[in-house]
4 protein chains.
Amino acid sequence: MKAIMKTSPEPGLTFTTDAPQPRVAGAHEVLIKVRATAICGTDVDIYKSDEDLTRRMSKAFPVITGHEFCGEVVETGKNVKRARVGDYVSAEMHILCNECYNCRTGAGHACINTVIKGIDSHGCFAEYVVVPDSNIVPLPADLPEEVAAYLDAIGNAVHTCSAVDMVAKRVAILGAGPMGIMAARIAKMCGAREVLVTDVNEMLLSVAREHGADHVFNVAKPEEREEFLRVCRKENTRRGVDVALEMSGHPSAYGDLFACLRMGGEAALLGLPRHPLTVNFTKDIIFKGLTIKGIIGRKTYDTWFRMLGLIEAGLLDTLKCIVTHQMPLEEFQRGFDVKLKGEGLKVVFRP
Amino acid sequence: MKAIMKTSPEPGLTFTTDAPQPRVAGAHEVLIKVRATAICGTDVDIYKSDEDLTRRMSKAFPVITGHEFCGEVVETGKNVKRARVGDYVSAEMHILCNECYNCRTGAGHACINTVIKGIDSHGCFAEYVVVPDSNIVPLPADLPEEVAAYLDAIGNAVHTCSAVDMVAKRVAILGAGPMGIMAARIAKMCGAREVLVTDVNEMLLSVAREHGADHVFNVAKPEEREEFLRVCRKENTRRGVDVALEMSGHPSAYGDLFACLRMGGEAALLGLPRHPLTVNFTKDIIFKGLTIKGIIGRKTYDTWFRMLGLIEAGLLDTLKCIVTHQMPLEEFQRGFDVKLKGEGLKVVFRP
Amino acid sequence: MKAIMKTSPEPGLTFTTDAPQPRVAGAHEVLIKVRATAICGTDVDIYKSDEDLTRRMSKAFPVITGHEFCGEVVETGKNVKRARVGDYVSAEMHILCNECYNCRTGAGHACINTVIKGIDSHGCFAEYVVVPDSNIVPLPADLPEEVAAYLDAIGNAVHTCSAVDMVAKRVAILGAGPMGIMAARIAKMCGAREVLVTDVNEMLLSVAREHGADHVFNVAKPEEREEFLRVCRKENTRRGVDVALEMSGHPSAYGDLFACLRMGGEAALLGLPRHPLTVNFTKDIIFKGLTIKGIIGRKTYDTWFRMLGLIEAGLLDTLKCIVTHQMPLEEFQRGFDVKLKGEGLKVVFRP
Amino acid sequence: MKAIMKTSPEPGLTFTTDAPQPRVAGAHEVLIKVRATAICGTDVDIYKSDEDLTRRMSKAFPVITGHEFCGEVVETGKNVKRARVGDYVSAEMHILCNECYNCRTGAGHACINTVIKGIDSHGCFAEYVVVPDSNIVPLPADLPEEVAAYLDAIGNAVHTCSAVDMVAKRVAILGAGPMGIMAARIAKMCGAREVLVTDVNEMLLSVAREHGADHVFNVAKPEEREEFLRVCRKENTRRGVDVALEMSGHPSAYGDLFACLRMGGEAALLGLPRHPLTVNFTKDIIFKGLTIKGIIGRKTYDTWFRMLGLIEAGLLDTLKCIVTHQMPLEEFQRGFDVKLKGEGLKVVFRP
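Participant: Which residues make up the interface of chain B and chain A, and what values go with them?
Facilitator: Counting residues at the interface gives 41 residues for chain B, matched by 41 residues for chain A. At the boundary of chain B with chain A, total buried surface from both sides reaches about 3,400 Å², with 64% on carbon and sulfur atoms. Among the residues of chain B in contact with chain A, Y101(B), F281(B) and I286(B) are the three that bury the most area, contributing 20% of the side total. At the boundary of chain B and chain A, one finds zero salt bridges. Linking chain B with chain A are 18 residue pairs in polar contact (both at pLDDT 80 or more). Those elements that place two or more of their residues in the side of chain B that touches chain A are α3 (101–104), β15 (261–269), β16 (277–279), α10 (281–286) and β17 (291–294) of chain B. The class makeup of the residues in the side of chain B that touches chain A is 22 nonpolar, 12 polar and seven charged.

Laid out in structure tokens, this is it:
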């Protein structure tokens, strides 16, 4: 079958037409024909052969990449309960151990033995993919495939927003990539009073403004960065925003994060800094009484229920706008070029 | 009256016998005769003329230092409701604005306009001190004065422990000064299953072991540090402790903090690192899904109720043991020498 | 001055033009000229001489009624900090003791010594009212007076909605009076996926449908009540709504409440049943694993911040629609008639 | 094999020696040789042919009863991961669907399709029992069998206590059966400041006093009931306890529950009232701002981790004292007589 694979530590990915088609091997497995699949930031890092990721993946070479998708069930193991042939589904691609403390206490997103399909085993940049029954999420028939293609990523944004209380809060979002834009819209849907978004890309900021951001700031320009902090601190009963979501992973955004929050504020961190950062814990975290939450994966499956609920409540328009490019799987190189050049938001492949 | 003052940016403190006695100036003020007052870590930093503290205090020079005490009410303003002459009391020495968002929403410990007595205005290393009515905390008659002298500090430990769920948890406490020792005991009283304490001082570790710590580790010795991490990770369903309390402010303790916690664990930070620290946010916070809480002050007045409740429930023995030195206020230099040499835990002055 | 008073246990209220104008007696008091004031459900009960209320109020006879209002500051005590002459303000009319455990721990809405202005002492159905400085809430200049007139009631709805998590939830609201209608809109603003509202009054239900309710049900009709429960239970993975808000106080609504919630659901109770109710705790609460919250007053002042934040975020349109009648204070009898006949939502007086 | 069965709607149970031995039928099943098994309150209701229970069980007649036990694994299905032959284990006997919203969001204790072994299918009053792999809980070798026999019930007490915050709180526990006694001890272990226990049985109250209760009250005596309420309300800053745990199911205990709690207090309900109760919601729940939680089952498997953690932290002594009777399974009638006459606490059978 057609697939995009990582076959060696060298940068880049390989398109093939003769990857072996996966099969239902166990009683609880489900075979899905992929209808649409999307590029995640992690896939870009895989393309670029990020050091940590490459080391991790090298044990699985050659491995089919990709971990965001939707498709149609075409075969089910004999004990499968959650899916039937013909069902329109997506799936959680973090395969949990179900045995560790976190899995056994409802915190499977922090499973200590997670296997990620598309990294540790075959993923969904392909015509077919196999996932365990428990990971299947049935979808409403009217959910557009290009949106269903990236529910995994939507879940990251929803999980981040769910980690804090948004009602009547002023919220700063650092980074206006797909995550930041989704978070802006979700924050507003969850009752945020004012949403401020920063980035260094005007195009992204203008999309954010259309989808929930009350104010946007190009923090590449010193005067806009000043203005951002001034607006954050404008209320003299708070002198800072209530909530900050770090969606960029950029070191300077961390500076903004600690500068923009009020005493007693809350931060959720989703963006991945490439290098260690130097932080003044005493002044910026302890004396400010901050709460900081590292966000990983999606709550299985609370986040999935939440994202489908938010889609039903009106999130869909934003999600459709975020898909800027769609193309056949064969044109994967063009899709990655879009991401590498920062010219688009979500890129969806049709296998 | 007798008092210990900071009069200039130079290191050291000054004892005087002719400090002006404070008076009840407003209708809501209370004059207290100090019976016992204790040295806090911040007082040691003031003694050493820590740069940030000295800059802050210079606006108030000459200022009476000290912010932990108990005493007897000797005069009350005409609208005072919480205290009568003769009452045995302590007081919260963070004077809140009562007007900012945090004050108005029950989070006064994060008041953005806090004035700290003993830093920004006259404190309690003296024969008398004046505090606002609202800050008075009446004490049970049988609470020993040398313990009541440092309720403020006990509150820091209680506030830190209250920021996390202890029930049936494995808890690592980094630093076995007074804070770490109190936290060890409080953690056990609040249902912790196992408490592990680290420090580099054998004497402190032995006190911790007597007061709640199930295991102690001298992390100055590489093999004990290894053993500490091995014990933290011994359960193969968690591979780390559930909760870590940073009570030392030491950079190497931060390394231990991130190394000892399980995926999805919680950290509360009370110790004050003297310098910025370099942290791998991606690996150590985000991918681990940690929650990190900066701890400031005490919840006004939830923490005070909690600490008096925990004393009633059995914390007193530990608190008495922590007072290693008592002396007249006149001998303040000897008291500070004890702290500077790391030879004692709590040092209490009797004015 | 003009005022509406309760002067005896007899049903009805008395309009007078020679009530003594209140004066600033203490250093922390504020005198406000009332611009607009609204009838609360409690005022209707006072009009009807509800037994418990009348007994409570008899100690204060003759007493000016009314506890929802906005106005302009005309005089301030010498220590007043939160208001200046000319300010446009509302006020929390629950006067707290600031001394009890709840007041001292950020739960002043549950103060054990609350004095309610308009019940226990003079209220705001008058030309002037005096309130303590701490209770003053400054308002944005562009907030319409007829809406600002009932912020107290808006706060009840916000407090109720804040007691539960709305994000992506299905929410049933029992009762479509002003509280239910506000709650429907607030629930949607806070991320609710679907809001179902019941009442027995078609006019109210149609307003609810315009302001947040996805579906409304006239539960006076058995077939619509059946349909309500069928819709609540339609998802076979939940068989009930996640959240129910009781806003009617009606016994049959309590039946619906327990019938409509899923296992593990949450209920918040704001409506006041006139009589004790018989409930099957085993089947309907314990075996269902429900959490039930009694809602009293407003969080001081978290709820006030939230309601002003939600108004800024878009709640205003709904709030304006809820004001169905405005009239001079002199015509109070006509206003109460509207409420007694159930012909309007909020009735606002202009003194 | 030997077993105790319910074979008809008639009161009583039947001992047999020729019940069919269960077998490992599925790949995920585990066969366990029962070493010790305990009588639960529900078993007494089954014995007495409680109407609701009998109707539910009639679909399964004849059915082996019992749902609390420990034993040794003697056979495992081919995909079993959590247990090996020879392991000393207990098991959660609520078999969850793993498909409903609650199961998928970490709230399996509120599964809408729970099958309870010992009620809906064969239980553990027998020589052998089969349970699914996921439900197995491995035990430490040194946990006494007579305690391990009733971990299920210990979990109910732990789950109830975990529903509220105990630290420095005053706690009333209504009912001093095994649940109330365990709760008293757990409350103290979790930091409760003062624990008050009520019952009508002096023997039970004296056990409670030895295991955590600071004060006990025989509320069958009017003067002790008065004294109970007086002690609950003795603090004039609270006028009631912070937390109440209803462990009796008795109507008069509900009266005490609402009378003893302070404004803003919390109640957790575990005891099962046999009949509907009449409650003044307005006065006792809404105006008091109470939070009330119905407690069902145990959190799977958070509660199991907590109870094993609390046992490690010192709960064991209390648990051993609660086992007042042990006997061979053949003498089941004697065991039930003990419970029916209220002469013992936990009765353990040895098959």
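Here the narrative resumes, following the displayed structure.
Participant: I'd like a description of helix α12 (residues 332–340) of chain B, backed by residues and values.
Facilitator: Residue and element names in this part refer to chain B. For α12, every residue scored as buried is listed here: F332, G335, F336, V338 and K339. In a view along the axis of α12, the buried residues occupy a sector of 150°, so they form one face of it. If you follow the buried residues of α12, they end up packed against β1 (3–6), β2 (14–16), α1 (41–47), α6 (178–189), β18 (323–328) and β19 (346–350).

Participant: How would you explain the relation of the copies chain A and chain C if you had to name every residue and give the values?
Facilitator: Expressed as a screw operation, the relation of chain A to chain C combines 0.0 Å of axial shift with a rotation of 180°, fitting to an RMSD of 0.0 Å. As the rotation angle and translation indicate, the two copies are arranged about a two-fold axis. Closest to the rotation axis within chain A is the C-alpha of C190(A), separated from it by 2.1 Å.

Participant: Could you give an account of the sheet that holds β1(B), with specific residues and numbers?
Facilitator: Residue and element names in this part refer to chain B. Strand order in this open sheet of three strands is β2-β1-β4, and the pairing throughout is antiparallel. Of all strands in the sheet, those bounded by a partner on one side alone are β2 and β4 (63–64). Summarising the sheet, β1 and β4 pair through two bridges and their orientation is antiparallel. Bridged to K6 within β4 is V63.

Participant: I'd love a proper account of the interface of chain A and chain C, names of residues and values included.
Facilitator: Facing 18 residues of chain A, the contacting portion of chain C comprises 18 residues. Here chain A and chain C share an interface that buries about 1,400 Å² over both sides, 54% of which is from carbon and sulfur atoms. If you sort the residues of chain A by the area they bury against chain C, V167(A), R193(A) and R306(A) come out on top, with a joint share of 32%. Inspection of the chain A/chain C interface yields six residue pairs in polar contact (both at pLDDT 80 or more).

Participant: Explain the domain arrangement of chain A to me, and be specific about the residues and the numbers.
Facilitator: All names here are of chain A. Here chain A is partitioned into domain 1 (3–153 + 298–350) and domain 2 (164–294). Inter-centroid distance (C-alpha atoms) of domain 1 to domain 2 is 28 Å. Contacts between domain 1 and domain 2 engage 20 residues on the former and 16 residues on the latter. Contact between domain 1 and domain 2 buries roughly 1,300 Å² in total, counting both sides, with carbon and sulfur atoms accounting for 73%. Looking at the side of domain 1 facing domain 2, the largest losses of area belong to L310, T318 and L345, adding up to 35% of the total buried there. With a closest N to O distance of 3.5 Å, D45 and R274 form a salt bridge. Viewed at the interface, domain 2 and domain 1 are joined by four residue pairs in polar contact (both at pLDDT 80 or more). The dominant element in the side of domain 1 that touches domain 2, judged by the number of residues it contributes, is helix α11 (residues 302–322), at nine residues. In terms of residue class, the side of domain 1 that touches domain 2 is built from nine nonpolar, four polar and seven charged.

Participant: How would you summarise the pattern of salt bridges if you had to cite specific residues and measurements?
Facilitator: The tally for this structure, following the rule as stated, stands at 128 salt bridges over all chains. It is possible to trace a salt-bridge network through shared partners that takes in R193(A), E235(A), R238(A), D242(A), R262(A) and E312(C).

Participant: An account of the sheet that holds strand β4 (residues 63–64) of chain A is needed here, citing residue identities and associated values.
Facilitator: All names here are of chain A. Within the open sheet, the three strands sit side by side as β2-β1-β4. Their pairing is antiparallel. Both outer strands of the open sheet, β2 (14–16) and β4, are each paired with one neighbouring strand and no more. Relative to β2, strand β1 (residues 3–6) runs antiparallel, the two being bridged by three bridges. Note on β2: the bridge partner recorded for A3 is T16.

Participant: Explain the relation of the copies chain B and chain A residue by residue, including any values.
Facilitator: Mapping chain B onto chain A leaves a residual RMSD of 0.0 Å; the transformation is a rotation of 180° accompanied by 0.0 Å of translation along its axis. Take the interface residues of chain B: 100% of them recur as interface residues in chain A, which is what a same-surface contact looks like.

Participant: Tell me about the pairing of strand β19 (residues 346–350) of chain D, residues and numbers included.
Facilitator: All names here are of chain D. Counted residue by residue, β19 has four buried out of five residues, so it is predominantly covered. Where strand β3 (residues 29–38) lies against β19, two bridges are found, and the strand directions are antiparallel. Note that in β19 the partner of A38 across the bridge is V348. Pairing of strand β18 (residues 323–328) with β19, which is carried by five bridges, proceeds in the parallel orientation. Within β19, the position partnered with H325 by the bridge is V347. Traced from β18 through helix α12 (residues 332–340) to β19, the parallel crossover comes out right-handed.

Participant: I'd like to hear about unusual backbone geometry, residue by residue, with values.
Facilitator: That bond from T300(A) to Y301(A) is cis: its omega, 10°, falls within 30 degrees of zero. Relative to the elements of secondary structure, Y301(A) occurs in the loop between β17 (291–294) and α11. Residue P62(D) is bonded to the preceding F61(D) through a cis peptide linkage, with omega at -15°. Here P62(D) shows up in the loop between α2 (51–58) and β4 (63–64).

Participant: Explain the side chain of H211(C) to me, using residue names and the numbers behind them.
Facilitator: Residue and element names in this part refer to chain C. Mapped onto the secondary structure, H211 falls in the loop between α7 (202–210) and β13 (215–218). Among the residues examined, H211 registers a relative accessible area of 9% and is labelled buried. Apart from residues lying up to four places away in sequence, H211 is in contact with I181, A184, R185, D317, T318 and C321.

Participant: Hey, could you go over the environment of G123(B) for me, with residue numbers and the actual values?
Facilitator: All names here are of chain B. In this fold, G123 is placed in the loop between β8 (115–116) and β9 (128–132). Sequence separation between G123 and I112 is 11 residues, and the spatial gap between their C-alpha atoms is 20 Å. If we ignore the near neighbours within four places in the chain, the residues touching G123 are I64, T65, G66, M93, K117, G118, Y128 and V129.

Participant: Go over the pairing of strand β17 (residues 291–294) of chain C with me, naming the residues and quoting the values.
Facilitator: Side chains T291(C) and K293(C) project from β17(C) onto one buried face, and the interleaved I292(C) and G294(C) project onto a second face that is buried too. Pairing analysis gives four bridges linking strand β15 (residues 261–269) of chain C to β17(C), with the strands arranged parallel. Looking at the pairing, A268(C) lines up with K293(C) of β17(C). Note that β17(C) and strand β17 (residues 291–294) of chain D share three bridges and pair antiparallel. When the bridges of β17(D) are listed, T291(C) appears paired with K293(D).

Participant: I'd like a description of the side chain of E127(B), backed by residues and values.
Facilitator: Residues and elements named next belong to chain B. Locating E127 in the fold gives a position in the loop between β8 and β9. Among buried Asp, Glu, Lys and Arg side chains, E127 stands out as unpaired, with K33 the closest opposite charge at 4.6 Å. Those residues in contact with E127 that lie beyond four places of it in its chain are M1, K2, I32, K33, V34 and P351.

Participant: Break down the state of the cysteines for me, with residues and values.
Facilitator: Residues and elements named next belong to chain B. Tallied over the entire structure, the rule returns zero disulfides over all chains. C103 carries a free sulfur, and the closest cysteine sulfur to it, the one in C111, is 3.6 Å from it. With a relative accessible area of 16%, C103 lands in the buried category.

Participant: Break down the packing of aromatic side chains for me, with residues and values.
Facilitator: Aromatic ring pairs are reported here in terms of the distance separating the ring centres and the angle at which the planes meet. Taken as a whole, this structure holds 36 aromatic pairs over all chains when the rule is applied. Ring plane angle 55° and centroid distance 5.4 Å describe the contact between F217(C) and F228(C), whose orientation is recorded as tilted. Separated by 11 residues along the polypeptide, F217(C) in strand β13 and F228(C) in helix α8 (residues 222–232) bring together distant segments of the chain. Comparing F217(C) with F228(C), the two get one shared label, buried. Measuring from centroid to centroid gives 5.5 Å for F125(D) and F349(D), while their planes differ by 80°, and the two rings are edge-to-face. Of this pair, F125(D) sits in the loop between β8 (115–116) and β9 (128–132) while F349(D) sits in strand β19, and the two are 224 residues apart along the sequence.

Definitions and cut-offs
- Just so you know, the residues in each chain are numbered from 1, in the order the chain's sequence is written.
- Numbering of ligands from 1 and lettering of chains from A proceed in the order in which they are written.
- At least 70 in pLDDT is required for a residue's local features to be given in this predicted model, at least 80 for side-chain atom pairs to be given and counted, and no such filter applies to totals for whole chains, interfaces and linings, which use all residues.
- Note that water and hydrogens are dropped before the side-chain values are worked out from all heavy atoms of the structure.
- Residue contacts are defined here by distance: any two heavy atoms, one from each residue, within 4.5 Å place the two residues in contact.
- When two components associate, each loses some accessible surface as probed by a 1.4 Å sphere; the sum of these losses over both components is called the buried area.
- The term salt bridge refers to a side-chain nitrogen of Lys or Arg lying within 4 Å of a carboxyl oxygen of Asp or Glu.
- Whenever two N or O atoms come within 3.5 Å, that pair is a polar contact, provided that in protein one can donate a hydrogen and the other can accept it, and provided that, for residues adjacent in sequence, both atoms are side-chain atoms.
- Numbering goes from the N terminus for both helices and strands, where a helix is a DSSP run of H or I of at least four residues and a strand is a run of E of at least two.
- Residues were grouped as follows: Ala, Val, Leu, Ile, Met, Phe, Trp, Tyr, Cys and Pro as nonpolar; Asp, Glu, Lys and Arg as charged; and all remaining residues, including Gly, as polar.
- Buried means the residue's accessible area, taken with a 1.4 Å probe over protein chains only, is under 20% of the maximum for its type, while exposed means over 50%, and partly exposed covers the values in between.
- Note that the arc is computed from the directions linking the helix axis to the C-beta atoms.
- Our superposition of the copies is a least-squares fit, built on the C-alpha atoms of residues whose pLDDT is at least 70 in both.
- Pairing between strands is defined by DSSP: at least two bridges between the two strands are required.
- As used throughout, domain bounds are those supplied by an automatic or database domain assignment.
- For crossovers, right-handed means that the path from the first strand over the helix to the second runs clockwise, given strands pointing away from the viewer.
- Positive charge is attributed to Lys and Arg, negative charge to Asp and Glu, and no charge count is given to His or to the chain ends.
- The disulfide definition used here is simple: a pair of cysteine sulfur atoms within 2.5 Å.
- Pairs were defined over the aromatic rings of Phe, Tyr and Trp, the Trp ring being its six-membered one, requiring ring centres within 6.5 Å. Orientation was assigned from the angle between planes: stacked under 30 degrees, edge-to-face over 60, tilted for the rest.

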